[in-house]
Amino acid sequence: MTPDLKPLIVGNWKMNGDRDQLDQLAILAHRISHEFQQSVDVVVCPPATLLYVAKTISEGSPLMVGAQDCHNEATGAHTGDISAEMIADCLAEFCIVGHSERRNNHRETNSHVAGKVKACWRAGLASIVCIGETKAQYDACEVDMIITKQITDSIPEGATEKDTIIAYEPFWAIGSTKIPSLKSLKEIHALIRDILVRRFGDHGLRIRILYGGSVRPENATELLSIQNVNGALVGGASLQTADFLAICQSCQSLVRNHY
Ligand code: PGA
């Protein structure tokens, strides 16, 4: 953690969840209102079909809502796509971009991701920009090079802590039981911080850097304790309200111990 940055826990439901799951979101919103005293920011990113209703359900609670992807243009002939403006129209505040499942399944490049980040900013959304290496790149010791290139090419000039969050997610750790060693996570997050400061000056000091990839209640405390890990992007465990809350609670305990 970084004591002066408010941590952020983001739940990414991916292509999971229907209207029934919204009962769980209501429970989450209620628990967050009563238990978290604004010490941790919490965002849930349900599928786009549930976005507006999710926002309505969480109204009045500090729970925030985000989307999982957007198109770079505001309107147009792009069947099936959703623009950042449409996401903002659902009253969402965040949008994940460049998730490795999009980079991999939809061949999204760093330059596509940069276009989506600009679209988020244009629509007033904060972008959660995912970066991370594949297993082959990890095995070839190319992590530093890949991360540096992804940050340089996926994030446009002018990023600030208000409109940009980084999520470091090694592709090989997502949906698995594997996570990088705590030592290497510390080094990678320090490298990301360095690059952000070099590119964005003081803003780079305040842009939150999340870790994602197999974050569970059992490993949340050790992962969130690492310097420059300012929160988590949680996939599978965000589908179980109890598990997601347990991760948020671990984060809250760490905040309390820091002050
Ligand atoms: P996971 O997914 O927590 O299920 O590993 C994380 C993500 O893809 O954002």
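Since we're looking at a predicted model, the values are computed, not measured.

Cut-offs and rules
Residues numbered from 1 in each chain as written. Predicted model: local features only at pLDDT ≥ 70, side-chain atom pairs only at ≥ 80, totals over all residues. Heavy atoms only, no water. Helix = DSSP H or I, 4+ residues; strand = E, 2+ residues; numbered from the N terminus. Buried < 20%, exposed > 50% of the residue type's maximum accessible area, 1.4 Å probe, protein only. Contact = heavy atoms within 4.5 Å. Near = heavy atom within 4 Å. Polar contact = N/O pair within 3.5 Å; in protein donor to acceptor, adjacent residues only side chain to side chain. Areas by Shrake-Rupley, 256 points an atom, 1.4 Å probe, with all protein chains shown as cover. Nonpolar A, V, L, I, M, F, W, Y, C, P; charged D, E, K, R; others polar. Pairing = 2+ DSSP bridges. Phe/Tyr/Trp six-rings, centres within 6.5 Å; stacked < 30°, edge-to-face > 60°. Disulfide = S-S within 2.5 Å. Axes fitted to C-alpha atoms, helices over the stretch in contact; angles between N-to-C directions. Core = buried A, V, L, I, M, F, W, Y, C linked by side-chain atoms within 4.5 Å.

Asker: Just checking my understanding: could you explain the environment of V229 for this structure?
Answerer: Tracing the backbone shows V229 in the loop between α10 (220-224) and β8 (231-234). For V229, a relative accessible area of 1% gives the class buried. Sequence separation between V229 and L210 is 19 residues; the distance between their C-alpha atoms is 5.6 Å. Non-local contacts of V229, meaning those with residues more than four positions away in its chain, are made with M1, H189, I209, Y211, L223 and L224.

Asker: Where do I start with the site of the ligand in this structure?
Answerer: The local shell around the ligand holds 14 residues, among which K14, H99, E169, G175 and S214 are the closest. The backbone of S214 places a nitrogen or oxygen atom 2.7 Å from an oxygen atom of the ligand. Taking G235, its main chain carries an N or O atom lying 2.8 Å from an oxygen atom of the ligand. When the ligand sits alone it has 280 Å² of accessible area, and the protein chains cover 97% of it. Of the residues belonging to the shell around the ligand, the class tally is four nonpolar, seven polar and three charged.

Asker: Would you take a moment to explain the pairing of β8 for this structure?
Answerer: Side-chain direction in a regular strand flips from residue to residue, so the side chains alternate between the two faces of the sheet. Residues G231 and L233 of β8 are buried on one face, and the alternating residues A232 and V234, pointing to the opposite face, are buried as well. Where strand β1 (residues 8-12) meets β8, four bridges bridge the pair, whose relative direction is parallel. Directly across from L8, in β8, lies its bridge partner G231.

Asker: Could you clarify how one ought to interpret the packing of aromatic side chains in this entry?
Answerer: For any pair of aromatic rings, the description consists of the separation of the ring centres together with the inter-plane angle of the planes. With the rule as written, the count across this model stands at two aromatic pairs. Ring geometry for Y138 against W172: centres 4.6 Å apart, planes inclined by 45°, an arrangement best described as tilted. Here Y138, found in helix α6 (residues 135-139), pairs with W172, found in the loop between β6 (164-168) and α8 (182-200); they are 34 residues apart in sequence, far enough to count as distant. According to the relative accessible area criterion, W172 is buried, its value standing at 12%. Consider the rings of Y168 and Y211, whose centres lie 6.4 Å apart with planes at 55°: the pair is tilted. Residue Y168 is located in strand β6, and its partner Y211 is located in strand β7 (residues 209-212); the two are separated by 43 residues in the primary sequence. An identical accessibility class is assigned to Y168 and Y211; each is buried.

Asker: Sorry if this is basic, but what is going on with the state of the cysteines here?
Answerer: As used in these notes, a disulfide is a covalent bond between sulfur atoms, one from each of two cysteines. Using the criterion set out here, one finds zero disulfides in the structure. Residue C130 stays outside any disulfide, its sulfur separated by 9.3 Å from that of C45, the closest cysteine. What makes C130 buried here is its relative accessible area of 1%.

Asker: What am I meant to see in the sheet that holds strand β2 (residues 41-45) here?
Answerer: Strands pair in a sheet through their backbones, by hydrogen bonds, and they do so in one of two ways: parallel or antiparallel. Taken in spatial order, the eight strands close into a barrel running β1-β2-β3-β4-β5-β6-β7-β8, and their pairing is parallel. Neighbour to neighbour, the strand axes of the sheet diverge by 25° on average, direction disregarded. In this fold helix α7 (residues 143-154) packs onto β5 (126-131) and β6, with an angle of close to 155° to the strand it touches most, β5.

Asker: Help me out: how do you make sense of the nonpolar core in this one?
Answerer: If you look at soluble globular proteins, the nonpolar side chains tend to sit buried side by side. In this structure, I9, Y168 and I192 are the most contacted members of the largest nonpolar core, which totals 68 residues. Look past the residues within four positions of Y168 in its chain and what remains in contact with it is I131, G132, E133, V143, I147, L185, I188, H189, I192, L210, Y211 and G212. Core analysis: the second largest hydrophobic core is formed by 14 residues, C45, I96, I128 and I165 among them.

Asker: Mind showing me how you'd approach unusual backbone geometry here?
Answerer: Where the residue is not glycine, phi is negative for most of them; where a peptide bond is considered, it is trans in most cases. Its identity is not glycine, yet L91 carries a phi of approximately 70°, on the positive side. The residue L91 is located in the loop between α3 (84-89) and β4 (94-97) in this model. At C141, a residue that is not glycine, the phi angle is positive and equals roughly 55°. Tracing the backbone shows C141 in the loop between α6 and α7. On the basis of relative accessible area, C141 is assigned to the exposed category, the value being 71%.

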